[in-house]
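Summary of the model geometry
The primary structure of each chain is shown beneath.
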Amino acid sequence: MFCFRSRFFLKSRNLNRNLTLNSQDYYLIRKNDMQDFMERCMLAVGTKRSHAQSLAKCLIDADYRGHFSHGLNRLDMYVRDIKVGTTFSDREPQIVKESGATGLVDGNNVLGPVVGNFCMQLAIRKAKQIGIGFVVAHRSNHYGIAAHYSMQALAEKLIGLSFTNTSPLIYPTRSKQRTFGTNPLSIAAPGKDKDAFVLDMATSTVAFGKVEICNLKGEKIPSSWGADNNGKPTCDPEKIINGGGLLPLGGSEESSGYKGYGLNVMVEILCGILSGSLYGPHIRTWQTSSGEADLGQCFIAINPANFADNFEDRLQDLMDYCRNMTSIDEDKPVMVAGDPEKKHMELCDERDGISYHVNQVKYAENLAHELNIKAPPKRL
């Protein structure tokens, strides 16, 4: 099987033995250079240029916003799926059922970001016409960070929501079987002067990619993140990656993990059940190319102008109130969803580059070697 990730992690585990985390463990790579590299990787395996561009934009947005689990870290998965033919690049998504406010889309098994962009733009058009657009898709694939789609509504002063189901990685409360995916959700709502509330979260305690990043760095993790192959919480990321799984948001039953489990199923209803895609335990195993993923996704756009007046003013007032609350730690101000990402983007702009761990850079260089393309330029 064509699998860059397995070879890379074997190498990274050896690198991690002598790893000490300091500024020398990170390289800066300019955003445009990394985005270009991502696009060239996809073109190297025969991806249609417009599809490669959509994917690269989605992945670089994740890294730029600080969600490294869903940017460069995921690139080889998309490369593999195009190369082995389990994801297509010679077709486009299609509307199969439609009303004034709703749409059902067949993703035609193309790259997830291509399906996501198509559906979100359809939802936005409907919301601008009649106040709300509600679009679901089947036969889609991994689509990156959920906020990449919800935030598209902000440019039109709309509220955007995005959801997707994923491969089964989560142990439901009291279960020994991995049954549901991380099933993320996102909502983006516009405030004043381009300010916005942007929530993007998994319904597991963390995304699986964050466990991978910690393993790459040789770091232990909180026991609330995941469990070993017997469903027992563990602090060892390798035990989660090799046969274990994640815990729902909240962790164990004692810490209200059943609430995360409930949110997880909510996303599954909106995505897998409503769209007619695969769902829950029927979705293919994570990081395999055994067949079509057939993921279900949901995209909603809402026009606040169809409701009470002054939505943006009222939301801005609420966000400002939260930010101005007295913090328990003067060095850590109270934030609202989207603020940490905004700060990360500002830092990247100041540095004229995104900071990647040395093992992530090595991974990119290994991938470039495999595809016989040039790696992105780096600097300390």
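Residues numbered from 1 in each chain as written. Predicted model: local features only at pLDDT ≥ 70, side-chain atom pairs only at ≥ 80, totals over all residues. Heavy atoms only, no water.

Considerations on the nonpolar core
In plain terms, the rule: By nonpolar core is meant a set of buried Ala, Val, Leu, Ile, Met, Phe, Trp, Tyr and Cys residues that side-chain atoms within 4.5 Å join together. Partly exposed describes any residue whose relative accessible area lies between the buried limit of under 20% and the exposed limit of over 50%, with all areas from a 1.4 Å probe on protein chains only and scaled to the type maximum. Numbering goes from the N terminus for both helices and strands, where a helix is a DSSP run of H or I of at least four residues and a strand is a run of E of at least two. The contact criterion used is simple: two residues touch if any of their non-hydrogen atoms lie within 4.5 Å.
Counting 52 residues, the largest nonpolar core has Met 34, Phe 37, Met 38, Met 42, Leu 72, Leu 75 and Tyr 356 as the members making the most contacts within it. When residues of this core are assigned to their parent elements, the largest contribution, eight residues, is made by helix H5 (residues 112-130). Excluding anything up to four places from it in sequence, Met 34 contacts Ile 29, Ile 60, Leu 72, Tyr 356 and Pro 376. In this structure, Val 136, Cys 271, Cys 298 and Met 319 belong to the second largest nonpolar core, which totals 14 residues.

Quick word on helix H4 (residues 75-84)
In an α-helix, one turn spans 3.6 residues; hence positions three or four apart end up facing the same way. Along H4, eight of the 10 residues are buried, which leaves the element largely enclosed by surrounding structure. Listed as buried for H4 are Leu 75, Asp 76, Met 77, Tyr 78, Val 79, Arg 80, Asp 81 and Ile 82.

A few points about the packing of helix H2 (residues 31-44) against helix H12 (residues 358-371)
The criterion, for reference: Angular values range over 0 to 180 degrees, each being the angle between N-to-C directions of two axes fitted as lines to C-alpha atoms, with helices fitted over their stretch in contact. Angle categories: roughly parallel below 35 degrees, roughly antiparallel above 145, roughly perpendicular from 65 to 115, and oblique for all the rest. Note on convention: near helix rotated counterclockwise from far helix by under a right angle means a left-handed crossing. Clockwise means right-handed.
Remark: H2 packs on H12, axes separated minimally by 10 Å, with the N-to-C direction vectors making an angle of 30°. Relative to H12, H2 is oriented roughly parallel. The interaxial crossing formed by H2 with H12 has left-handed handedness. Here H2 contributes Phe 37, Cys 41 and Ala 44 to the contact with H12, which in turn contributes Ala 364, Leu 367, Ala 368 and Leu 371.

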